[in-house]
Amino acid sequence: MSVDNVAQPGTAAARGYGVPSREPANLGDILERVLDKGIVIAGDIRVNLLDIELLTIKLRLVIASLDTAREVGINWWETDPWLSSGVPNGSSAPGIVDENHRLRERVRQLESRGSGHD
Amino acid sequence: MTESCGVWTYAVTEHADARDFRDVPGVGGGPVRAVAAAALTAVAGTVRLDEYGEAALRRNLEDLDWLAAVARAHHEVIDAVVRRGPTVPMRLATVFSADDSLAAMLAERAVDFRQTLLRVGTRKEWGVKAYPADQRGSATPAAGHGVAAMAGGEPASGGPGGPGTGAAYLRRRRSQLSAAKDASRLAAASIRDVHEKLSRIAAGSRLHAPQAPQLTGGNTPMLLNAAYLLEESAGDTFAAAVAALAGGHPGIRLELTGPWPPYSFTGTDDGGAGGLTGSAP
């Protein structure tokens, strides 16, 4: 029916590469890409981005919570293997499965909360 | 590098010259520079570890305003690098303790980087999202599947039985429900057709998880969240194809974004192929 030509590639191409300046790229689109895509290299400042499934869940959480995070008061990064250097490489790290379950549940809650009202 | 600073890494490329990025502010507002090794260049910047170090990141990534600003800055730099030639973007928060360790990583992973740079080349990424077509004037069910009202349009008004009678109501309700089922089936078929046709035009395609409705500003479910890899010169053709597909599928609404840096096609963690399906060069 319709195409929302958000980035207007023609215009953008004419102006040079990039997301058009008039309308900055949607934050969710950017987060999705910079957090979930791109090459994963472990820098020596250890931010473990190893468990892709966990990261994806986390990303959904970020995105799901953008509007509601403050009122929900979530602090889901606090005790997070994803960001903690103590966790050995690999997804078999103890606790990661539990964390995964916990996050899934959180996502579910947030998503149902969001679709209920707001 | 002093002990209190780290090296935030944006991207790896073969072409970069530090002068290219003089005007692009990096994460935290600092300058962006080039770190070269093994005939590759990492585009990087110095960041303070009290804000971007391990413990600080753990804290700051919770702060959505902070995260938003950093994500945008990271993206802007990558965007500038991609403008100059083939580029592998680094995931957000790839931080090294010093240029030396970044250079060592470049040397160690040089073959991977070069393969990815060669494979993706100067191509860019376009995003296509699909939603159920707008349904103006009908209340969206609270539980969210908005497809309900979109098919069928307005039933011919004043049908047999006339409005207001119980039988007419039931008839109308039944046809609405079956229209909803048809609409949902139709939307699924539309999505398949859109993705198949666009994949055929593109050099690569990736299906991403649909984004949460909250993000997209409403309770309309996202039906498709895909990325397509194309030469930038093919952007107009691609946009025309998307428009044509939208015209052919009235049950869905398509949204096109791009060109993006080829984020979805430069990972090494998803099977090396980086989602280059179709393999048509």
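Since the structure is predicted, the reported quantities are computational estimates derived from the model, not experimental observations.

Caption draft 1: Here's a closer look at the overall build of chain B. The helix and strand tally for chain B stands at seven helices and nine strands. A buried classification covers 50% of the 281 residues belonging to chain B. Considering only contacts within chain B whose residues lie at least 6 apart along the sequence, 77% involve residues at least 24 apart. With the model as given, the accessible surface of chain B reaches about 12400 Å², and the carbon-plus-sulfur share is 54%.

Caption draft 2: Looking closely at the overall build of chain A. Looking only at helices and strands, chain A has five helices and one strand in total. Residues classed as buried in chain A amount to 49% of the 118 residues present. Nonlocal contacts in chain A, meaning residues at least 24 apart in sequence, comprise 68% of its contacts between residues at least 6 apart. Summing over all exposed atoms, chain A offers an accessible surface of approximately 5400 Å²; the carbon and sulfur share of this is 49%.

Caption draft 3: Structural detail: helix 6 (residues 166-201) of chain B. Residues and elements named next belong to chain B. A rise of 1.5 Å per residue sets the reference length of helix 6, with its 36 residues, at 52 Å; its end C-alpha atoms lie 52 Å apart and thus fit the reference within 8%. Taken together, the buried positions of helix 6 are occupied by Ala168, Ala179, Ala180, Ala183, Ala187, Ser190, Ile191, Asp193, Val194, His195, Leu198 and Ser199. Where helix 6 is buried, its residues touch strand 6 (124-132), strand 7 (204-207), strand 8 (224-230), helix 7 (235-248) and strand 9 (252-260).

Caption draft 4: Seen up close, the nonpolar core. Within the largest apolar cluster, 36 residues are counted, with the highest numbers of intra-cluster contacts made by Trp8(B), Tyr10(B), Val27(B), Val43(B) and Leu92(B). Every element with two or more residues in this core is listed here: helix 2 (27-36) of chain A together with strand 1 (5-13), strand 3 (40-48) and helix 3 (64-82) of chain B. At 12 residues, the largest contribution of residues to this core is made by helix 3 of chain B. One finds Ala202(B), Ala239(B), Leu245(B) and Ile252(B) within the second-largest nonpolar core, a separate group that totals 21 residues.

Caption draft 5: View of the packing of helix 6 of chain B against helix 7 of chain B. Residues and elements named next belong to chain B. Direction vectors running N to C along helix 6 and helix 7 enclose 160°, while the axes themselves pass 11 Å from each other. What the angle tells us is that helix 6 and helix 7 run roughly antiparallel. For helix 6 against helix 7, the interelement crossing comes out right-handed. Where helix 6 abuts helix 7, its residues Asp193, Val194, Lys197, Leu198 and Ile201 lie against Phe238, Ala241, Val242 and Leu245.

Caption draft 6: Spatial organisation of the pairing of strand 6 of chain B. All names here are of chain B. Among the nine residues that make up strand 6, nine are buried, leaving the element largely enclosed by the rest of the structure. Across seven bridges, strand 6 lies against strand 8 in antiparallel orientation. Considered in strand 8, the bridge of Lys124 is made with Leu230. The sheet contact formed by strand 6 and strand 9 spans seven bridges and is antiparallel. Within strand 9, the residue paired with Glu125 across the bridge is Trp260.

Caption draft 7: Broad picture of the environment of Ala103(B). Residue and element names in this part refer to chain B. Tracing the chain through its elements places Ala103 in helix 4 (residues 99-108). In this structure, the C-alpha to C-alpha distance between Ala103 and Ala37, residues 66 residues apart in sequence, is 5.4 Å. When near neighbours in sequence (up to four residues on either side) are disregarded, Ala103 contacts Val35, Ala36 and Ala37.

Caption draft 8: Seen up close, the side chain of Lys129(B). Summarising the element assignment, Lys129(B) is placed in strand 6. At a separation of 2.8 Å, a polar atom in the side chain of Lys129(B) contacts the side chain of Asp29(A). Among all residues touching Lys129(B), those that are not within four sequence positions of it are Asp29(A), Gln211(B), Met222(B), Leu224(B), Asn225(B), Arg253(B), Leu254(B) and Glu255(B).

Caption draft 9: Quick peek at the confidence of the model for chain B. All names here are of chain B. Of all residues in chain B, 79% have pLDDT values of 70 or greater, and the mean over the chain is 81. Across chain B, helix 7 holds the top mean pLDDT of 95, while helix 2 (residues 54-60) sits lowest at 75. Scored below 50 in pLDDT, residues 136-159 makes 26 contacts in the model with residues more than four places away or belonging to other chains. Confidence drops under pLDDT 50 across residues 269-281; counting only partners more than four residues distant or on other chains, this segment forms 26 contacts.

Caption draft 10: Looking closely at the packing of aromatic side chains. Within the structure shown, the criterion is met by three aromatic pairs over all chains. Members of the aromatic cluster, each reached through a chain of ring pairs, are Trp8(B), Tyr52(B) and Trp66(B). The ring of Trp260(B) is capped by Arg33(A), whose NZ or CZ atom sits 4.1 Å from the centre of that ring.

Thresholds applied
- Residues numbered from 1 in each chain as written.
- Chains lettered and ligands numbered in written order.
- Predicted model: local features only at pLDDT ≥ 70, side-chain atom pairs only at ≥ 80, totals over all residues.
- Heavy atoms only, no water.
- Helix = DSSP H or I, 4+ residues; strand = E, 2+ residues; numbered from the N terminus.
- Buried < 20%, exposed > 50% of the residue type's maximum accessible area, 1.4 Å probe, protein only.
- Contact = heavy atoms within 4.5 Å.
- Areas by Shrake-Rupley, 256 points an atom, 1.4 Å probe, with all protein chains shown as cover.
- Expected span 1.5 Å × (residues − 1).
- Core = buried A, V, L, I, M, F, W, Y, C linked by side-chain atoms within 4.5 Å.
- Axes fitted to C-alpha atoms, helices over the stretch in contact; angles between N-to-C directions.
- Parallel < 35°, antiparallel > 145°, perpendicular 65-115°, else oblique.
- Left-handed = near helix turned anticlockwise from the far one by under 90°.
- Pairing = 2+ DSSP bridges.
- Polar contact = N/O pair within 3.5 Å; in protein donor to acceptor, adjacent residues only side chain to side chain.
- pLDDT = per-residue confidence, 0-100.
- Phe/Tyr/Trp six-rings, centres within 6.5 Å; stacked < 30°, edge-to-face > 60°.
- Lys NZ or Arg CZ within 6 Å of the ring centre and 35° of its normal.

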